[in-house]
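# Per-entry structural report
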Amino acid sequence: MSLNIAQRYAWNLAKTLMVEITLFATPSGYAAVPSAEFEGDADSVVREYDPFAR
């Protein structure tokens, strides 16, 4: 998944589920998961999306 699509997907997922989402880099592109489920390398994190932040 490209970075642009992954960013839009992560923000939409955060707003829909109302949970924090972590966007991270993988060897094949980018991926997004709920932050509570992310167990990867902290260096691979691109951004975290918080639907409650103002």
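These lines cover the structure that appears in this document, whether it is placed above or below. (Residues numbered from 1 in each chain as written. Predicted model: local features only at pLDDT ≥ 70, side-chain atom pairs only at ≥ 80, totals over all residues. Heavy atoms only, no water.)

## Considering the sheet that holds strand 3 (residues 45-49)
Read from one edge to the other, the open sheet built from three strands follows the order 2-1-3, with strand pairing classed as antiparallel. One side of each edge strand has no neighbouring strand; the edge strands of this open sheet are strand 2 (29-34) and strand 3. With strand direction ignored, the average angle separating the axes of adjacent strands in the sheet is 20°. Sheet topology places strand 1 (residues 21-26) next to strand 3; four bridges connect them, and they run antiparallel. The partner of Ile21 across the bridge, within strand 3, is Tyr49. Taken strand by strand, helix 1 (residues 3-17) contacts strand 1, strand 2 and strand 3, and its axis lies near 160° from that of strand 1. (Pairing = 2+ DSSP bridges. Helix = DSSP H or I, 4+ residues; strand = E, 2+ residues; numbered from the N terminus. Axes fitted to C-alpha atoms, helices over the stretch in contact; angles between N-to-C directions. Contact = heavy atoms within 4.5 Å.)

## Notes on the packing of aromatic side chains
Counted by the stated rule, this structure contains two aromatic pairs. Aromatic side chains Trp11 and Tyr49 sit 6.2 Å apart centroid to centroid with 55° between the ring planes, which places their arrangement in the tilted category. Pair noted here: Trp11 is in helix 1 and Tyr49 is in strand 3, with a separation of 38 residues, a long-range link. Ring geometry for Phe24 against Phe38: centres 5.0 Å apart, planes inclined by 50°, an arrangement best described as tilted. Of this pair, Phe24 sits in strand 1 while Phe38 sits in the loop between strand 2 and strand 3; the two residues are 14 residues apart in sequence, bridging distant segments of the chain. (Phe/Tyr/Trp six-rings, centres within 6.5 Å; stacked < 30°, edge-to-face > 60°.)

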